[in-house]
Amino acid sequence: MGSISCCLLLALALLSLRAAAARKCDLQGLWRNELGSNMTLSALDAAGTFSGSYHTTVAATNKQILVSPLQGAQQHPSTKGQPTFGFTVQWQFADSTTAFVGQCFVDRHGKETLETMWLLREEVPSRRDAWKATRIGTSIFTRIK
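Let me begin by describing the structure that accompanies this report. Residue numbers restart at each chain and count upward from 1, following the sequence in its written direction. With pLDDT at 70 or above as the cut-off, local features in this predicted model cover only qualifying residues; side-chain atom pairs require 80 or more to be listed or tallied, and sums for whole chains, interfaces and linings still use all residues. Only hydrogens and water are set aside; all other atoms, that is, all heavy atoms of the structure, feed into the side-chain values.

Now for the environment of D45. In DSSP terms, a helix is any run of H or I states spanning at least four residues, a strand is any run of E spanning at least two, and both are numbered starting from the N terminus. In this structure, D45 sits in the loop between β2 (38–41) and β3 (49–55). When a residue's accessible area, from a 1.4 Å probe over protein chains only, is under 20% of the maximum for its type it is buried; when over 50% it is exposed; and in between it is partly exposed. Accessibility expressed as a relative area gives 40% for D45, which makes it partly exposed. Placed 29 residues apart in sequence, D45 and Q74 show a C-alpha to C-alpha distance of 9.9 Å. One polar contact links the side chain of D45 to the main-chain amide nitrogen of A47, over a distance of 2.9 Å. What qualifies as a polar contact is a pair of N or O atoms within 3.5 Å, subject to a donor-acceptor requirement within protein and to the restriction that residues adjacent in sequence count only when both atoms come from side chains. Within polar-contact distance, the side chain of D45 engages the side chain of T49 at 2.5 Å.

Let us look at the packing of aromatic side chains. Two aromatic rings from Phe, Tyr or Trp, using only the six-membered ring of Trp, form a pair when their centres are within 6.5 Å; if the ring planes differ by under 30 degrees the pair is stacked, by over 60 it is edge-to-face, and anything between is tilted. Scanning the model with the defined rule gives 8 aromatic pairs in all. A centroid spacing of 5.7 Å and a plane angle of 55 degrees characterise the contact between W91 and F93, whose relative ring orientation is tilted. In this structure, W91 and F93 share a single accessibility class: buried. Judged by centre distance (6.3 Å) and plane angle (65 degrees), the ring pair of F100 and F141 falls under edge-to-face. One end of the pair, F100, is in strand β6 (residues 96–106); the other, F141, is in strand β8 (residues 134–143), and 41 residues separate them in sequence. Assessed through its relative accessible area of 4%, F100 is described here as buried. For F141, a relative accessible area of 0% gives the class buried.

Structure representation (structure tokens):
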């Protein structure tokens, strides 16, 4: 009886590992980054493009922060289910645009995270000021819904 129990436990463990490996990342939904900014992404269309909105909690402006639109595309999902993607945010309260690129990861517990790097370009009055117009950073988003 002991060997049957052992075999059953081993089979269950293998099945759960296989199920975890089969999980695919889905960009659609509500996401939050480490600074508390929220992003909502729509479902992908047939071409792999999506839209959504971004509500940042941080900004280098005295203006009221507004929810801003985003547009993006996902690379064709790989067999591993952890696709790359990119999107731009057109800030509605500042003269700047941010481009994000990243990859969606699913851990062994099924938790999805979006690991991104971004470039923010703000408008400057002249080419002479272009050196200070671009910022670079990273953000990690976790699924809320």
